[in-house]
Amino acid sequence: MEASVILPILKKKLAFLSGGKDRRSGLILTIPLCLEQTNMDELSVTLDYLLSIPSEKCKARGFTVIVDGRKSQWNVVKTVVLMLQNVVPAEVSLVCVVKPDEFWDKKVTHFCFWKEKDRLGFEVILVSANKLTRYIEPCQLTEDFGGSLTYDHMDWLNKRLVFEKFTKESTSLLDELALINNGSDKGNQEKERSVDLNFLPSVDPETVLQTGHELLSELQQRRFNGSDGGVSWSPMDDELLAQPQVMKLLDSLREQYTRYQEVCRQRSKRTQLEEIQQKVMQVVNWLEGPGSEQLRASGGLEDSIRASQALQQKHEEIESQHSEWFAVYVELNQQIAALLNAGDEEDLVELKSLQQQLSDVCYRQASQLEFRQNLLQAALEFHGVAQDLSQQLDGLLGMLCVDVAPADGASIQQTLKLLEEKLKSVDVGLQGLREKGQGLLDQISNQASWAYGKDVTIENKENVDHIQGVMEDMQLRKQRCEDMVDVRRLKMLQMVQLFKCEEDAAQAVEWLSELLDALLKTHIRLGDDAQETKVLLEKHRKFVDVAQSTYDYGRQLLQATVVLCQSLRCTSRSSGDTLPRLNRVWKQFTIASEERVHRLEMAVAFHSNAEKILQDCPEEPEAINDEEQFDEIEAVGKSLLDRLTVPVVYPDGTEQYFGSPSDMASTAEHIRDRMKLVGLKRQQLRHPEMMTTES
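The structure reproduced in this document is the subject of the present report.

Reading the values: rules and limits
Here the residue numbers are simple positions, counted from 1 along each chain's written sequence. Local features are withheld for residues below a pLDDT of 70 in this predicted model, meaning they are given only at 70 or higher, and side-chain atom pairs are given and counted only at 80 or more; totals for whole chains, interfaces and linings count all residues. Each side-chain value is worked out from all heavy atoms of the structure, with water and hydrogens disregarded. Pairing between strands requires that DSSP locate at least two bridges from one strand to the other. Secondary structure follows DSSP: runs of H or I at least 4 residues long count as helices, runs of E at least 2 residues long count as strands, and numbering of each begins at the N terminus. Think of each axis as a best-fit line through the C-alpha atoms, taken over the contacting stretch in the case of a helix, with angles from 0 to 180 degrees between the N-to-C directions. By the convention used here, residues are in contact when the closest approach between their heavy atoms is within 4.5 Å. Small angles under 35 degrees read as roughly parallel and large ones over 145 as roughly antiparallel, with 65 to 115 read as roughly perpendicular and the rest as oblique. Take the far helix as the reference: if the near one is turned anticlockwise from it by less than a right angle, the crossing is left-handed, and if turned clockwise, right-handed. Each residue gets one label: Ala, Val, Leu, Ile, Met, Phe, Trp, Tyr, Cys and Pro are nonpolar, Asp, Glu, Lys and Arg are charged, and the others, such as Gly, are polar. The nonpolar core is taken to be a set of buried Ala, Val, Leu, Ile, Met, Phe, Trp, Tyr and Cys residues, with the residues joined through side-chain atoms within 4.5 Å. Here's how the labels work: a residue is buried when its accessible area is under 20% of the maximum for its type, exposed when over 50%, partly exposed in between, all with a 1.4 Å probe on protein chains only. Boundaries between domains were set according to an automatic or database domain assignment. The length a helix should cover is 1.5 Å for every residue beyond the first. N or O atoms within 3.5 Å of each other form a polar contact, as long as, within protein, one can give a hydrogen and the other can take it, and as long as residues adjacent in sequence are counted only when both atoms are side-chain atoms. What counts as a ring pair is set by centres within 6.5 Å for rings of Phe, Tyr and Trp (its six-membered ring), and what kind of pair is set by the plane angle: stacked under 30 degrees, edge-to-face over 60, tilted for all other angles. Working rule: Lys NZ or Arg CZ, within 6 Å of ring centre, within 35 degrees of ring normal, means a charge sits over the ring. By convention in these notes, a salt bridge is any Lys or Arg side-chain nitrogen within 4 Å of a carboxyl oxygen on Asp or Glu.

### Comments concerning the sheet that holds strand S1 (residues 16–21)
And step 1. Here we have five strands laid out as an open sheet, ordered S1-S2-S3-S4-S5, and mixed in their pairing. The outermost strands of the open sheet, each flanked by one partner alone, are S1 and strand S5 (123–127). Averaged over neighbouring strand pairs, the angle between their axes works out to 25° when direction is ignored.
And step 2. The sheet contact formed by strand S4 (residues 92–98) and S5 spans five bridges and is parallel. Following the sheet pairing, Val97 is matched in S5 by Leu126.
And step 3. Along the sheet, helix H2 (residues 40–51) makes contact with S1, strand S2 (27–32) and strand S3 (63–68), crossing S2 at roughly 165°.
And step 4. Here helix H4 (residues 74–87) sits on the sheet in contact with S2, S3, S4 and S5, set at roughly 175° to S4.

See the structure below:
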């Protein structure tokens, strides 16, 4: 009976061999009853199958049956116990009925077991789950009964299915391999016999062997669990699943499969040699015939990149056809090498001859294809570089033919940089063209040795003349562009200088305007005494010198722009407004500066005269009567005060004051204070007795 036939019944787990053993080393058979009604026929089938697994030696030690009745009725338990008499009467030594917590009627159960004891032939005991260890060690009980033995029913069932499948397949395969090997031995004398496809095994021997090794590995595994100090193992041990049987089958399979492989190798070798001879001749005949003719018909070069591309595409089609035959050559060469390594002396000479003939033809044809491909690739690269260089020269010439009208110096610099980059790119392109052309000429000169039986002298001369003509034409075009670039470079540098002069001239106007603004807003003070005023006057003269230099610098720049514009035959953008602006600002600065000088000079005269009078020196009689000096100081002071209130008037009629009103008021207040001191001094000189009395 096979497990696959009764698989649905076995999945119900009506009974199982957990792998545990009683104290007599007998196997433990467990029958877990459930709340639902147990099908006795299915249970009987399950027991028959389980009891067919152990060996006779193992059966002789007897079974201990655990009937788990905790979830069942007493009448079902009784039926199962009585059924054991019919299924396994000789093998059962003890039946342990695990009773539920709510015990059945003690009298009924005791009476029934006592009544049937002699007739059953084995002892039946009722025991609670926690008392079961009195008869069986805990490490031999499953977790359902408080033991530590691990049991997975589906895992056991799956392994059992694999075992039975392997046993069935391996036995059938052994018969088939024996038939094939024996038939081959009888037919070895007939060397011309072809392979009989009917002699192939029905299953893959490698797969069966792999399955057997995996199964044997599973059977040999032990599962240790040291958490409680006990040991448990898989129920599929050597007693349950017969490891020796698997090992014996594997040994027989390996022996027969080795013989089978040798038979197949010999047959395959004979057939392979015949096929190789046929394929070698096919390859040689095509390469020496249609293949060589294609190469002879496709000779020559073209004079443009498009035509060269078309010619290369045609050659790639030829290569594609050759590649198919070269692939056959590689495969044949590998096959011949494998046969040579086999070392059969009777075939060595023929195989080496075929290999040499095939290699000579293929290498010769491959060399011709490679040379032709390199020649076409060199021609395509040469024409590609020539086309790129021609486009670069056209672009450079177009750039040179357009008049330069940049907006500022930066754009001119960028345009000049772009021009230099384009010229450098042309130089690199021309150098690359020379290198490609020389390489192509060298290959053309070597083409005679690969002429495929045709005269290529005239054809080569035309190609050489065309290549040299292209290189000379590109050299002339490049020289013309270089001459034009030199002229354009000079013009653009002059334009850069022109823009620079214009920008600097405008900057000079800005600087002069800033100086004028500083003069009017910060050059305000007239000094507290004559010495300070003289220092301010000297600083002002230096300030004016700076402004004069700025003005002269701007004039020189504008004169330079005029000269550059005449050279470039263009109109300066700044010639219309920069010079008038420069002159206008300078005129305003000159007027403001002169006014500043007048005020400082008046302040020097005022402070000098006032300081002479106010000095503490012996009184001179002639000074007492000198009223003119006091009048002069007063007049200068009033004139200076009046001048502080007068604005600077420019030629265009605009007015501008020095500093703010508060600044002017502060300066005027200081002058008035000094005038008051002079007035007091004058009174002292007129009425000395009054001053004495007061003192």
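### Some thoughts on the packing of helix H7 (residues 205–220) against helix H9 (residues 243–297)
And step 1. Running from amino to carboxyl end, H7 crosses H9 at an angle of 155°, the nearest separation of the two axes being 10 Å. Between H7 and H9, the crossing angle belongs to the class labelled roughly antiparallel. Note that H7 runs across H9; the crossing there is left-handed. Where H7 abuts H9, its residues Pro205, Glu206, Val208, Leu209, Gly212, His213, Leu215, Leu216, Leu219 and Gln220 lie against Gln243, Val246, Met247, Leu250, Leu253, Arg254, Tyr257 and Gln261.
And step 2. Within the contact of H7 with H9, the residues separate by chemical class into eleven nonpolar, five polar and two charged.

### Looking at the nonpolar core
And step 1. Within the largest apolar cluster, 82 residues are counted, with the highest numbers of intra-cluster contacts made by Leu396, Leu433, Leu440, Met474, Leu512, Phe589 and Ile671.
And step 2. When residues of this core are traced back to their parent elements, those giving at least two are helix H11 (345–401), helix H12 (409–445), helix H13 (457–522), helix H14 (530–568), helix H15 (578–614), helix H17 (627–644) and helix H18 (661–686).
And step 3. Residue contributions to this core peak at 19 residues, all from H13.
And step 4. Residue assignment places this core across two domains, with domain 2 (395–487) and domain 3 (523–686) each supplying three or more.
And step 5. Sequence-distant contacts of Leu440, defined by excluding residues within four places in its chain, comprise Leu301, Leu375, Ala378, Ala379, Phe382 and Ile467.

### As for the environment of Val92
And step 1. Within the secondary structure, Val92 is located in strand S4.
And step 2. A relative accessible area of 5% means that Val92 is categorised as buried.
And step 3. The spatial distance from the C-alpha of Val92 to the C-alpha of Leu27 is 9.8 Å, given a sequence separation of 65 residues.
And step 4. Beyond its immediate chain neighbours, meaning those up to four positions away, Val92 contacts Phe63, Val65 and Phe122.

### A short note on H2
And step 1. Here H2 spans 16 Å end to end across twelve residues, near enough to the 16 Å set by a 1.5 Å rise per residue.
And step 2. Those residues of H2 lying buried are Met40, Glu42, Leu43, Thr46, Leu47, Tyr49, Leu50 and Leu51.
And step 3. Backbone nitrogen of Asp41 and a side-chain oxygen of the N-cap are separated by 3.0 Å at the start of H2; the cap is Asn39.

### Focus on the packing of aromatic side chains
The geometry of an aromatic ring pair comes down to the distance between the two centres and the angle between the two planes.
And step 1. This structure, assessed with the given rule, holds seven aromatic pairs.
And step 2. Here Tyr551 and Trp586 contribute two aromatic rings whose centre-to-centre distance is 4.8 Å and whose plane-to-plane angle is 10°, an arrangement assigned as stacked. Of this pair, Tyr551 sits in helix H14 while Trp586 sits in helix H15, placing them 35 residues apart in sequence. Neither residue differs from the other here; Tyr551 and Trp586 are each classed as buried.
And step 3. Relative to Phe589, the ring of Trp586 lies with its centre 5.8 Å away and its plane at 15°, an arrangement referred to as stacked. Of this pair, Trp586 and Phe589 both sit in helix H15, three residues apart, roughly one helical turn. No difference in accessibility class separates Trp586 from Phe589, as the two residues are buried.
And step 4. Ring-pair connections join several aromatic residues into one group, and the members of that group are Phe543, Tyr551, Trp586 and Phe589.
And step 5. In this arrangement the basic side chain of Lys13 is found over the ring face of Phe16, its NZ or CZ atom lying 4.9 Å from the centre.

### A short note on the environment of Gly26
And step 1. As for its position among the elements, Gly26 is in the loop between S1 and S2.
And step 2. The class of Gly26 is buried, set by a relative accessible area of 0%.

### With respect to the pattern of salt bridges
And step 1. The full count for this structure, using the stated rule, is 22 salt bridges.
And step 2. Between Arg525 and Asp528 there is a salt bridge; the shortest N-O distance is 3.6 Å.
And step 3. Ionic contacts of the salt-bridge type, sharing partners, join the residues Asp427, Lys478 and Glu482 into one network.

Note that every value here comes from positions in space, so none of it alone points to a role or purpose.
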